[in-house]
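# Results of the structural survey
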Amino acid sequence: MAKGWYILHTYSGYENKIEKTIRSLIENGEISADVVTDIKIPVEEVVEIKDGKKRNITKKFLPGYILIEMDLPDIGWKSTCSAIRKINGVTGFVGTPSNARPQPISPDEAKAILQKAGEIKGEKAPRVKQTFAVGEQVKIIDGPFDSFTGTIEEVNLERNKLRVMVGIFGRATPVEVDLLQVEKI
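Small disclaimer: the values here were computed from a predicted structure and weren't measured. (Residues numbered from 1 in each chain as written. Predicted model: local features only at pLDDT ≥ 70, side-chain atom pairs only at ≥ 80, totals over all residues. Heavy atoms only, no water.)

On to the sheet that holds strand β6 (residues 90-93). Spatial strand order, β2-β5-β1-β6: 4 strands in an open sheet with antiparallel pairing. In this open sheet, the two edge strands, each paired with only one partner strand, are β2 (36-40) and β6. For this sheet, the mean angle separating the axes of adjacent strands, direction not counted, is 30°. Where β2 and strand β5 (residues 65-70) come together, 4 bridges link them in antiparallel fashion. Within β5, the position partnered with Ile 39 by the bridge is Ile 68. The sheet contacts of helix α2 (residues 77-85) involve β1 (4-10), β2, β5 and β6, and relative to β6 the element is tilted by about 150°. (Pairing = 2+ DSSP bridges. Helix = DSSP H or I, 4+ residues; strand = E, 2+ residues; numbered from the N terminus. Axes fitted to C-alpha atoms, helices over the stretch in contact; angles between N-to-C directions. Contact = heavy atoms within 4.5 Å.)

This is how it looks when you write it as structure tokens:
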């Protein structure tokens, strides 16, 4: 018996309901709390810019999937797995047929998903929902170049930066701005 993260496939939109159902099964004693140790719905924080205002929203980045940390025993694993599979909205464990023992994901995969969800510390910056393309016209809404307009010359999504060509004193000048500092015209 070793703890591992398992991925449960569900109907999209049922993730929260299924998480509550599993937690109630644990409270009622139908599933052992020693077997199912944690349940996570992978969500990430996204910055949405609407009408010039920034809003932080949480969004499921793996809709239809739930991460379950389990310590499945060699004997008696079927009762736990079948109780979870019988929940309305659950289609099964990812990568295994309905009568087979589920397989955990690798620790590296689990770490990557949990880091993206912000459950464990890592380099995670809020993602910007708005997309930008080279050649688009944008207006700078924040920072030292506030109210300037320009054309996008380069998009760097890894750093959340844009290089915008702005007309300053009659000359086109490249300015590097954060994705949150601009809005499309």
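Time to look at the pattern of salt bridges. All chains considered together, the criterion is met by 7 salt bridges. In this structure, the salt-bridge partner of Glu 19 is Arg 23, at a minimum N-O distance of 3.0 Å. One end of the pair, Glu 19, and the other, Arg 23, are both in helix α1 (residues 15-28), 4 residues apart, so they sit about a helical turn from each other. The buried category is assigned to Glu 19, whose relative accessible area is 18%. Here Arg 163 ties to Glu 154 by a salt bridge, and the two come within 2.8 Å at their closest N and O atoms. With a relative accessible area of 32%, Arg 163 lands in the partly exposed category. (Salt bridge = Lys/Arg side-chain N within 4 Å of Asp/Glu carboxyl O. Buried < 20%, exposed > 50% of the residue type's maximum accessible area, 1.4 Å probe, protein only.)

On to the side chain of Thr 80, then. Turning to its location among the elements, Thr 80 is positioned in helix α2. A residue is classified by how much of its surface remains accessible, and Thr 80, at 7% relative accessible area, is buried. Excluding its chain neighbours within four sequence positions, the residues that come into contact with Thr 80 are Ile 31, Val 35 and Val 36.

Here the focus is the packing of aromatic side chains. Tallied over the entire structure, the rule returns 3 aromatic pairs. Seen in terms of ring centroids, Tyr 6 and Phe 93 are 6.5 Å apart; in terms of plane orientation they differ by 75°. Their pairing is edge-to-face. On the criterion of sequence distance, the pair formed by Tyr 6 in strand β1 and Phe 93 in strand β6 is long-range, its members being 87 residues apart. Here Tyr 6 matches Phe 93 in class, with each residue buried. (Phe/Tyr/Trp six-rings, centres within 6.5 Å; stacked < 30°, edge-to-face > 60°.)

Further remarks concern the sheet that holds strand β9 (residues 149-156). The strand order β11-β10-β9-β8-β12 describes an open sheet built from 5 strands, whose pairing is antiparallel. At either margin of the open sheet sits one strand with a lone partner, and together these are β11 (171-178) and β12 (182-184). Within the sheet, the average angular offset between the axes of one strand and its neighbour, ignoring direction, is 45°. Where β9 and strand β10 (residues 161-168) come together, 6 bridges link them in antiparallel fashion. Bridge assignment links Glu 154 to a residue of β10, and that residue is Arg 163.

Structural measurements only, silent on function.
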